[in-house]
Amino acid sequence: MSALKILHYPDKRLHKVAKPVKHIDKRICKLVADMAETMYLASGVGLAATQVDVHECVVVIDVSETHDALRVFINPDIIWFSEERKVHEEGCLSVPGIYESVERANQVHVQALNEHGEKFKLECKGFLAICIQHEIDHLLGKVFIEYLSPFKQIQIKKKINQFDHAM
């Protein structure tokens, strides 16, 4: 396993739409392991392959307090969204230091493949539902701040530019 480099907003590669995984092979299994290591090292709860410049539909998530409940979603597809929506503060490993409130469905049903190629369906609610929606957005080339007002987006870009110039 090895840690991967996480792309940071406004890198244009974050807007590239991921392609479905055709075969789950050793390369995909290594990608999953490397993504998990990267996510844990960065103290994240989710990571999409797009964020590490691999444009295939792979997501890892671990919302457990003990960081020992890794979930792998290959070719994830949300097949149901609840009408009930909740506002939740989100952050992103690709937008470090920025936390903003985003409204999303409170519950979703997702189907995907696991790292063994087995198809599964999962009913997600609360924080897990938010995370899966956030990570699937990455696979679709969307970053969470795009849900914010144009004014907020400009403020965030200025903040990011100030941070980049300070380094």
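First things first, this report covers the structure right here in the doc. (Residues numbered from 1 in each chain as written. Predicted model: local features only at pLDDT ≥ 70, side-chain atom pairs only at ≥ 80, totals over all residues. Heavy atoms only, no water.)

**Some words on helix 2 (residues 126-139)**
- Counted at 1.5 Å a residue, the expected span for helix 2 with its 14 residues is 20 Å, and the 21 Å between its end C-alpha atoms agrees.
- Of all 14 residues that make up helix 2, 12 are buried, and the element is covered over most of its length.
- Every buried residue belonging to helix 2 is among L128, A129, I130, C131, I132, Q133, H134, E135, I136, D137, H138 and L139, and all of these are buried.
- Where helix 2 terminates, the next one or two residues include G141, which has phi positive at roughly 85°. (Helix = DSSP H or I, 4+ residues; strand = E, 2+ residues; numbered from the N terminus. Expected span 1.5 Å × (residues − 1). Buried < 20%, exposed > 50% of the residue type's maximum accessible area, 1.4 Å probe, protein only.)

**Some remarks on the packing of aromatic side chains**
- The full count for this structure, using the stated rule, is 1 aromatic pair.
- Ring centres of F73 and F120 lie 5.7 Å apart, and the angle between their planes is 50°; this geometry places the pair in the tilted category. Within this pair, whereas F73 is found in strand 3 (residues 71-81), its partner F120 is found in strand 7 (residues 119-125), the two being separated by 47 residues in sequence.
- On the accessibility criterion, F73 (0% relative accessible area) is buried.
- Over the aromatic face of Y147 sits the side chain of K142, whose NZ or CZ is 4.0 Å from the ring centroid. (Phe/Tyr/Trp six-rings, centres within 6.5 Å; stacked < 30°, edge-to-face > 60°. Lys NZ or Arg CZ within 6 Å of the ring centre and 35° of its normal.)

**A look at the pattern of salt bridges**
- Considering all chains together, one arrives at 9 salt bridges under this definition.
- The partner of D53 in a salt bridge is R13, and the shortest N-O contact between them spans 3.1 Å. Of this pair, D53 sits in the loop between strand 1 (46-48) and strand 2 (58-61) while R13 sits in the segment before helix 1 (26-41), and the two are 40 residues apart along the sequence.
- The exposure class of D53 is partly exposed, given its relative accessible area of 32%.
- On the accessibility criterion, R13 (37% relative accessible area) is partly exposed.
- With its nearest N and O atoms 2.7 Å apart, the salt bridge here joins R27 to E56. With R27 in helix 1 and E56 in the loop between strand 1 and strand 2, this residue pair connects regions lying 29 residues apart in the sequence.
- Here R27 falls in the partly exposed class, since its relative accessible area comes to 46%. (Salt bridge = Lys/Arg side-chain N within 4 Å of Asp/Glu carboxyl O.)

**With respect to the nonpolar core**
- Judged by nonpolar contacts, the single largest core of 19 residues is most densely connected at I61, F73, V108, V110, C124 and I132.
- Those elements that provide at least two residues to this core are strand 2, strand 3, strand 6 (107-113), strand 7 and helix 2.
- The element contributing the most residues to this core is helix 2, with 6 residues.
- Setting aside its immediate chain neighbours within four residues, F73 contacts C57, V58, V59, I61, V110, A112, L113, F120, L122 and I132.
- Listed in part, the 15 residues of the second largest apolar core include V21, L31, M39 and V52. (Core = buried A, V, L, I, M, F, W, Y, C linked by side-chain atoms within 4.5 Å. Contact = heavy atoms within 4.5 Å.)

**A word on the sheet that holds strand 6**
- The 5 strands are arranged 1-2-3-6-7 in an open sheet whose pairing can be described as antiparallel. One side of each edge strand has no neighbouring strand; the edge strands of this open sheet are strand 1 and strand 7. When the angles between neighbouring strand axes are averaged without regard to direction, this sheet yields 40°.
- With 4 bridges joining them, strand 2 and strand 3 adopt antiparallel strand pairing. Bridge pairing in strand 3 places I61 opposite R71. (Pairing = 2+ DSSP bridges. Axes fitted to C-alpha atoms, helices over the stretch in contact; angles between N-to-C directions.)

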